[in-house]
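Descriptive structure summary
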Amino acid sequence: AENIGLVESLLAAGMDCARINCAHDDVRAWARMIDNVRASGAKLGLSPRILMDLGGPKCRVVEVQAPDKYRLKPGERIELYADIEEAPPRALAFSISFPQVVDQLEPGRLVSFDDGKASAKVVEKSAGRAVLRVEAAREKGVRLKRDKGLNFPDTELTLPPLTAKDLRDLDFVADHADLVGYSFVQRIADVERLATAAAGFDPTTGDISLQTANSFMDAAARLSWAPMWLAGTVAARFPGVGVLPLT
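Residues numbered from 1 in each chain as written. Predicted model: local features only at pLDDT ≥ 70, side-chain atom pairs only at ≥ 80, totals over all residues. Heavy atoms only, no water.

**A look at the overall build of the protein chain**
Assigned secondary structure in the protein chain consists of five helices and 15 strands. Residues classed as buried in the protein chain amount to 41% of the 247 residues present. Partitioning the intrachain contacts of the protein chain with sequence separation of at least 6 by distance along the chain shows that 66% fall at a separation of at least 24. When the accessible area of the protein chain is evaluated, it comes to approximately 12900 Å², of which 49% is carbon and sulfur surface. (Helix = DSSP H or I, 4+ residues; strand = E, 2+ residues; numbered from the N terminus. Buried < 20%, exposed > 50% of the residue type's maximum accessible area, 1.4 Å probe, protein only. Contact = heavy atoms within 4.5 Å. Areas by Shrake-Rupley, 256 points an atom, 1.4 Å probe, with all protein chains shown as cover.)

**Focus: the sheet that holds strand E7 (residues 110–113)**
Spatial strand order, E3-E6-E5-E9-E8-E7-E11: seven strands in an open sheet with mixed pairing. Looking along the sheet, the strands with just one partner apiece sit at the ends: strand E3 (61–65) and strand E11 (150–151). (Pairing = 2+ DSSP bridges.)

**Some points on unusual backbone geometry**
Residue Asp-25 is not a glycine yet carries a positive backbone phi of 65°. Within the fold, Asp-25 resides in the loop between strand E1 (17–21) and helix H2 (27–44). Positive phi, close to 60°, is recorded for Lys-69, a residue that is not glycine. Structurally, Lys-69 can be placed in the loop between E3 and strand E4 (71–72). With a relative accessible area of 58%, Lys-69 lands in the exposed category.

**Concerning the environment of Lys-58**
Looking at the secondary structure, you find Lys-58 in the loop between strand E2 (49–53) and E3. For the pair Lys-58 and Ser-97, spaced 39 residues apart in sequence, the C-alpha separation works out to 8.0 Å. Lys-58 has contacts with Ala-23, Ser-97 and Phe-98, leaving out every residue within four places of it along the chain. Among the polar contacts made by the side chain of Lys-58, one reaches the main-chain carbonyl oxygen of Gly-55 at a distance of 3.1 Å. (Polar contact = N/O pair within 3.5 Å; in protein donor to acceptor, adjacent residues only side chain to side chain.)

**Quick look at the environment of Glu-135**
Checked against the element boundaries, Glu-135 lands in strand E9 (residues 129–137). In the structure, Glu-135 is positioned 16 residues away from Ser-119 in sequence and 5.7 Å away in space, judged by C-alpha atoms. Ignoring anything within four residues of it in the chain, the contact list for Glu-135 reads Pro-74, Ser-119, Ala-120 and Lys-121. One polar contact links Glu-135 to Arg-133, side chain to side chain, over a distance of 2.7 Å.

**Notes on the pattern of salt bridges**
One pass over the structure, following the stated rule, counts 15 salt bridges. Two residues, Asp-26 and Arg-28, come together in a salt bridge whose shortest N-O distance is 3.5 Å. On the basis of relative accessibility, which here comes to 31%, the residue Asp-26 falls in the partly exposed class. A salt bridge links Glu-63 to Arg-146; the nearest nitrogen and oxygen atoms lie 3.8 Å apart. Residue Glu-63 is found in strand E3, and its partner Arg-146 is found in the loop between strand E10 (142–143) and E11; the two are separated by 83 residues along the sequence. (Salt bridge = Lys/Arg side-chain N within 4 Å of Asp/Glu carboxyl O.)

**Brief notes about the pairing of strand E6 (residues 93–96)**
The side chains of a regular strand alternate between the sheet's two faces. In E6, alternate side chains face the same way, and those of Ala-93 and Ser-95 on one face and Phe-94 and Ile-96 on the other are all buried. With four bridges joining them, E3 and E6 adopt antiparallel strand pairing. Looking at E6, one finds that Val-64 is bridged to Phe-94.

**Remarks on the side chain of Asn-36**
You can see Asn-36 is positioned in helix H2. We classify Asn-36 as buried; its relative accessible area is 14%. Apart from residues no more than four positions distant in its own chain, Asn-36 is found in contact with Ala-1, Glu-2, Asn-3, Ile-4 and Val-7.

Read these as layout, nothing more, since geometry by itself doesn't imply function.
Now the structure itself:
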C-alpha cells in the first residue's frame, strides 16, 4: 500500500495479478494497493488484474490444556473438545472457535494445524470430543497455542462460507476487483450464495476441495459460468471475461 516502487518492480518482473487478502487491513489500505497497481500498470503499459480473496470463516484454537510451550509431535495423542471444561484435568486437550465442528468429525478424518505445519487423524470419537493422533510435524514439533488456525481438509463442514465481514467487504470488492477468491465452498448453495451477494460482479475463482468439484461444476452451469481447472483449483470463467492464468 505504501511502496509503489515495489509494485512496479513486481509488474516489471512479470506479475500480472495482484492478490489482496481481505483477512487483513481495511478498505482504505486496499484502495491504496489497487491505486498503486493500476498506476504502475499504466506507467508500464500493462493491465494487471486485481484478485481480492475473501477472509471466510476462521477456525482457530481457543483454549489449550497442556504443559507450557507444548509441541505437537508425530505419534502423540491430543483431545479436541467442544467445551474444554469437559476435559479431564490431566488430558492434553484443546478447544476451537467453532465447537460445532467437533461433532462433524469422524474417525479417519484429518485435522491440519497452523497452515499445514502439523496434521493429525481422528482415531476416536464421542459426543463433543475427538481424539487425534498426530501424523506429521516437523522434527522439533509444532507449538499448539491459542489463535492458531485449523483446517479440516476431508470433512464437509456445515459452516457458512460467507461471514458478516465478507458480505460487508463484497460491497468494495464488487466495485474494485477483477476476480474474487472464495474459500470453504462445500455445496452448490455456497456458489449460488456468492452469486446473490455479489450481484453484478462476474469474475470468480473458487478455492474448493476435490470432493466438491462436481457440485461447483453443476452450480456453475446453472449460473451460465464456464468452469475450468486452474492449477489444481476449480475456477469459473464468465461470458465475455478473459481468464487470467493463475499459478
